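# Notes for the structure review
Chain by chain, the residues:
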Amino acid sequence: MAKVIMVQGTMSNAGKSLIVAGLCRIFKQDGYRVAPFKSQNMALNSFITEDGKEMGRAQVMQAEAAGIKPDVCMNPILLKPTSHVGSQVIVNGEILGNMNAKDYFQYKKKLVPDIVKAFKKLESIADIIVIEGAGSPAEINLKENDIVNMGMAEIVDASVLLVGDIDRGGVFAQLLGTLMLLEDHEKDRVKGLIINKFRGDKTILDPGIDMLEEKGGIPVVGVTPYMELNIEDEDSLSERLTSKKDGLINICVVKYPRISNFTDFNVFEQSDQVAVNYVTKPEELKGADLIILPGSKNTIGDMRWLKEQGMSDAIMEAANHIPVFGICGGYQMLGKNIEDDGVEEKGRVSGLNLLPVTTKMREEKTTVQTEGIIGNVGGIFTGLSGKKYTGYEIHMGETVGDDVIVNSGNVYGSYVHGIFDKSEIAKNILEALAEKKGIESGVGNILDYDKVKEKEYDKLAEELRKHMDIEAIYKILNDVNYRSI
């Protein structure tokens, strides 16, 4: 039977996803078959498996760290927010429907059999399963019918590591406060505390650790450093969405309210000479060499947002001078118009009219991995013609005029997520932008993103081995009184 350990956090973005990924890599390096699991994930970054199922990209990243293919059983429930109060609910990789928060809260317990079935499938292929929680286990309003934090730990009888984020301050209050709000039987599951994202000399922190262990009654099994890693982030809390920098080549990604799959552009961040900035205001487009419109979970709503913010006029003006590239929902926005009878947001809006395509939202969702050869492409990116591509499609819309890359002048659109990950394609784009600016440099000297990530997972594991008590982690695994579910 698989051994199980669970990583929970004091808040969202405390670092659970990376800790899970690092543990998966460590266990893999030590010769174990390991798999990640998260019963319920709320995120707009998703992925399509080989069998056409949709799952959260965080568990894909963790599966890569574990050295196994992503499977939807690693994330049986995915919530993709379509508004402030509602989400598309995906169960076992397929759409169940759209629900508002209240209805889903009352319904979710019915999904426990799906969670158990998915977990049992993982048991058949893994020696160790590393489970990730969501948000905080001490959120009183969500504890009833919990299926992702202590409720999940109880289902599989898992011991818990609790992670706090020192970078945002108040880590001792985070950890102790969380422990105080847990019920006794829940607190008994917590076997180790982790202080994450620490900068500086750990000896300065030692008195605080002593106090934490004394008051909490639980050992600190790691003080992990703030790590600069080129590894995909789980959701829109990602720091890369707010940081700003300048480069020899400047890529601006439009950050609308329902931005999805922004991991499509991480590949460009390999080069120190390339700056990828996420922007929300027209003035932030100044100095851009390439504007990208990413995916969206509410294309009509985000198209309206572009117009309200003045971004639509700024993008149309910029397209006279620099390339604009749209992926999925962004591709739809570059067309003439978008129609939706209520799949995402009912209505009809005019697009940016920069590409000769129209989009109609359909109830049936396209979820497929794809590969092939890019056809003839004009303009600055003509070098993409004939290049091999791989990726995946996730969209509700049917676009008239569809092709791998649709091009008109400086404007390009594609439905393929991950199309830039192949180094030959990313390199061609960066070199074309550099040539346009008269820059002779190595901006295009980048690796396939898969190779980059492999090195980053090893780096993550190395850092965790240095700063966590891995022997204690193994002891926690072996001490679990594991029972089959």
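Residues numbered from 1 in each chain as written. Predicted model: local features only at pLDDT ≥ 70, side-chain atom pairs only at ≥ 80, totals over all residues. Heavy atoms only, no water.

## Some words on the overall build of the protein chain
When its secondary structure is counted, the protein chain shows 15 helices and 24 strands. Projecting the C-alpha coordinates of the protein chain onto the three principal axes gives extents of approximately 65 × 50 × 40 Å. When burial is assessed residue by residue, the protein chain has 60% of its 485 residues classed as buried. Counting only carbon and sulfur atoms, one obtains 47% of the accessible surface of the protein chain, whose full area is about 19,600 Å². Taking the average location of the 56 positive side-chain charges in the protein chain and that of its 72 negative ones, the two points are 2 Å from each other. (Helix = DSSP H or I, 4+ residues; strand = E, 2+ residues; numbered from the N terminus. Buried < 20%, exposed > 50% of the residue type's maximum accessible area, 1.4 Å probe, protein only. Areas by Shrake-Rupley, 256 points an atom, 1.4 Å probe, with all protein chains shown as cover. Lys, Arg positive; Asp, Glu negative; His and termini not counted. Charge placed at Lys NZ, Arg CZ, Asp CG, Glu CD.)

## Some remarks on the pattern of salt bridges
Opposite charge on two side chains permits pairing when their charged atoms draw close. Counted according to the given criterion, the structure contains 28 salt bridges. With its nearest N and O atoms 2.9 Å apart, the salt bridge here joins Asp-458 to Arg-25. Here Asp-458, found in helix H14 (residues 449–467), pairs with Arg-25, found in helix H1 (residues 16–29); they are 433 residues apart in sequence, far enough to count as distant. Judged by its relative accessible area of 35%, Asp-458 falls in the partly exposed class. The residue Lys-121 makes a salt bridge to Asp-71 at a minimum N-O spacing of 3.2 Å. Of the two residues, Lys-121 is situated in helix H4 (residues 112–123) and Asp-71 in the loop between helix H2 (57–66) and strand S6 (77–81); the sequence distance between them amounts to 50 residues. The structure contains a network of salt bridges with shared partners spanning Arg-57, Glu-64, Glu-232, Asp-450 and Lys-453. (Salt bridge = Lys/Arg side-chain N within 4 Å of Asp/Glu carboxyl O.)

## Some remarks on the packing of aromatic side chains
By the definition in use, this model includes 12 aromatic pairs. For the ring pair Phe-47 and Tyr-392, a centre distance of 5.0 Å and an interplane angle of 65 degrees mean the geometry is edge-to-face. Remark: Tyr-392 occurs in strand S22 (residues 388–400) and Phe-47 occurs in strand S4 (residues 46–48); sequence separation between them is 345 residues. A centroid spacing of 5.2 Å and a plane angle of 80 degrees characterise the contact between Phe-325 and Phe-420, whose relative ring orientation is edge-to-face. Of the two residues, Phe-325 sits in strand S18 (residues 324–327) while Phe-420 sits in the loop between strand S24 (411–414) and helix H13 (423–437), which places them 95 residues apart along the sequence. Through a chain of ring-to-ring contacts, three or more aromatic side chains come together here, namely Phe-265, Phe-268, Phe-325, Phe-381, Tyr-412 and Phe-420. Directly above the aromatic system of Tyr-226 lies the positively charged group of Arg-199, at a separation of 3.7 Å from the ring centroid. (Phe/Tyr/Trp six-rings, centres within 6.5 Å; stacked < 30°, edge-to-face > 60°. Lys NZ or Arg CZ within 6 Å of the ring centre and 35° of its normal.)

## Regarding the sheet that holds strand S10 (residues 159–165)
Reading across the sheet, the six strands line up as S2-S9-S1-S10-S11-S12 and stay open at both edges, with parallel pairing between neighbours. The open sheet has two edge strands with one neighbour each: strand S2 (34–37) and strand S12 (220–225). Put simply, the sheet's adjacent strands are angled 20 degrees from each other on average, direction ignored. Here S10 pairs with strand S11 (residues 190–198) via six bridges, running parallel. Across the sheet, Gly-164 pairs through a bridge with Ile-195, a residue of S11. Running at roughly 165 degrees to S2, H4 makes contact with strand S1 (3–9), S2 and strand S9 (128–132) of the sheet. (Pairing = 2+ DSSP bridges. Axes fitted to C-alpha atoms, helices over the stretch in contact; angles between N-to-C directions. Contact = heavy atoms within 4.5 Å.)

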